[in-house]
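Structure assessment
Each chain, letter by letter, is given below.
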Amino acid sequence: MSDTPLFGKVVVFGVGLIGGSFALALKAAGQAGEVVGFGRRLGSLTQALELGILDRAGFNVGQEVSDADLVLIATPVGTTPEIMARVAPCLGPQTVVTDAGSTKGDVVAAARLHFAGRLGQFVPAHPIAGAENSGALAARADLYCQKQVVLTPLPENSPQSIARVRSAWECCGAVIRELSAAEHDQVFAAVSHLPHLLAFALVHELARRDNRDLLFAFAASGFRDFTRIAASHPEMWRDICLANRKALLAELDHYRTQLDELRDALQRSDGASLEATFNVARTARRAWAESRAGE
């Protein structure tokens, strides 16, 4: 096996949990010769340097991107278009760009606008991994081990560009899946974006009550498990919800219909209907958990 890393120079925009873990994983695998990072705050870059996530902090986008082998955009999706506008004019012919955004339709639209004739060099991706904590301190090399990363390749992507991005995430230990951008956004509106919205909503509603201290004092494991993701990064989830609002609104309407059905059953004291709903949910949840055993 060659000692030469697959990626001589990697540039990461956003050196928190997602971008930082990507850098650490590539380094641990020996597949990044040098990692250069960009961030909005000097303190974050300094911390990432101290933690060994970065080899250098970047200050000139054109200088760093022009000879990069791989660029990862791992910032909140609301900032992605701005970063694309800065990166696109500087791309070297060998540079492949990917992202870690939780929505893909808006990211692809921004890429079509900013990359134009170089669109083939951008391969959209979404790592299905994370934690409620954020920032460089939360980054770890094993974050992506056996976690799914969804690629949503564009018709303009060459097989070589897709393979480069696939290999980068595989070096991080990830399992690669592929969907279209539209399929991706529909799926994750249901199984990721909606649950976050619901968790935020429940905690927010309780936090506004006069007796909130009493309520939280008695909250136990059920509350903890259901609301864990309400500790997630507010800015990131604001951007995700807005970026995928069409699909998320549809899923929210489905959920409201389900809540109305449960409310009607309660109103009628219809225990049979409640139990039937709970049984279907339990069976589906157990089957899902068994399919993920060992992950």
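Residues numbered from 1 in each chain as written. Predicted model: local features only at pLDDT ≥ 70, side-chain atom pairs only at ≥ 80, totals over all residues. Heavy atoms only, no water.

With that settled, the discussion passes to the overall build of the protein chain. A tally of helices and strands in the protein chain yields 12 helices and 9 strands. Expected size for 295 residues packed as a compact globule is a radius of gyration near 19 Å; at 21 Å, the protein chain falls within 12% of this value. Each of the 295 residues in the protein chain was classed as buried or not, and the buried ones make up 41%. Within the protein chain, contacts between residues at least 6 apart in sequence are counted, and of these 77% link residues at least 24 apart. Taking the 29 positively charged and 32 negatively charged side chains of the protein chain as two groups, their mean positions are separated by 1 Å. (Helix = DSSP H or I, 4+ residues; strand = E, 2+ residues; numbered from the N terminus. Rg over C-alpha atoms; globule rule 2.2 N^0.38 Å. Buried < 20%, exposed > 50% of the residue type's maximum accessible area, 1.4 Å probe, protein only. Contact = heavy atoms within 4.5 Å. Lys, Arg positive; Asp, Glu negative; His and termini not counted. Charge placed at Lys NZ, Arg CZ, Asp CG, Glu CD.)

With that settled, consider the environment of Arg166. Looking at the element boundaries, Arg166 is found in helix H6 (residues 159–171). A relative accessible area of 27% places Arg166 in the partly exposed class. With 17 residues separating them in the primary sequence, Arg166 and Val149 have C-alpha atoms 8.9 Å apart.

Let us look at the sheet that holds strand S6 (residues 122–123). Across the sheet, 6 strands lie side by side as S3-S2-S1-S4-S5-S6; this open sheet has parallel pairing. Each edge of the open sheet carries a strand with a single partner, namely strand S3 (56–57) and S6. As defined by bridge partners, strand S5 (residues 96–99) adjoins S6 across 2 bridges and the pair is classed as parallel. If you follow Val97 over to S6, its bridge partner there is Phe122. The strands touched by H6 are strand S1 (7–13), strand S4 (70–73), S5 and S6; relative to S5, the strand with the most contacts, the crossing angle is about 55°. (Pairing = 2+ DSSP bridges. Axes fitted to C-alpha atoms, helices over the stretch in contact; angles between N-to-C directions.)

Judged by nonpolar contacts, the single largest core of 40 residues is most densely connected at Val10, Phe22, Ile53, Tyr144, Leu151 and Trp169. Those elements giving two or more residues to this core turn out to be S1, helix H1 (17–28), strand S2 (32–38), helix H2 (42–50), S4, strand S8 (148–151) and H6. Of all the elements, H1 adds the most residues to this core, at 7 residues. Leu151 has contacts with Pro124, Ala125, Ile162, Val165, Arg166, Trp169, Ile176, Arg177, Glu178 and Leu179, leaving out every residue within four places of it along the chain. Formed by 25 residues, the second largest nonpolar core is a distinct cluster that contains Val71, Val97, Val108 and Leu154. (Core = buried A, V, L, I, M, F, W, Y, C linked by side-chain atoms within 4.5 Å.)

Enumeration over the complete set of coordinates arrives at 5 aromatic pairs. An angle of 10° between the planes, with centres 4.9 Å apart, marks the rings of Phe13 and Phe38 as stacked. Of this pair, Phe13 sits in strand S1 while Phe38 sits in strand S2; the two residues are 25 residues apart in sequence, bridging distant segments of the chain. Phe38 carries the same exposure label as Phe13, and that label is buried. (Phe/Tyr/Trp six-rings, centres within 6.5 Å; stacked < 30°, edge-to-face > 60°.)

The next subject is the sheet that holds strand S7 (residues 125–127). The 3 strands are arranged S7-S8-S9 in an open sheet whose pairing can be described as mixed. Pairing within the sheet leaves two strands with one partner each, and these edge strands are S7 and strand S9 (175–178). If you compare each strand with its neighbour and ignore which way they point, the axes differ by 25° on average. Here 4 bridges tie S8 to S9, and the two strands are oriented parallel to one another. Its bridge partner lying in S9, Gln148 is registered against Val175.

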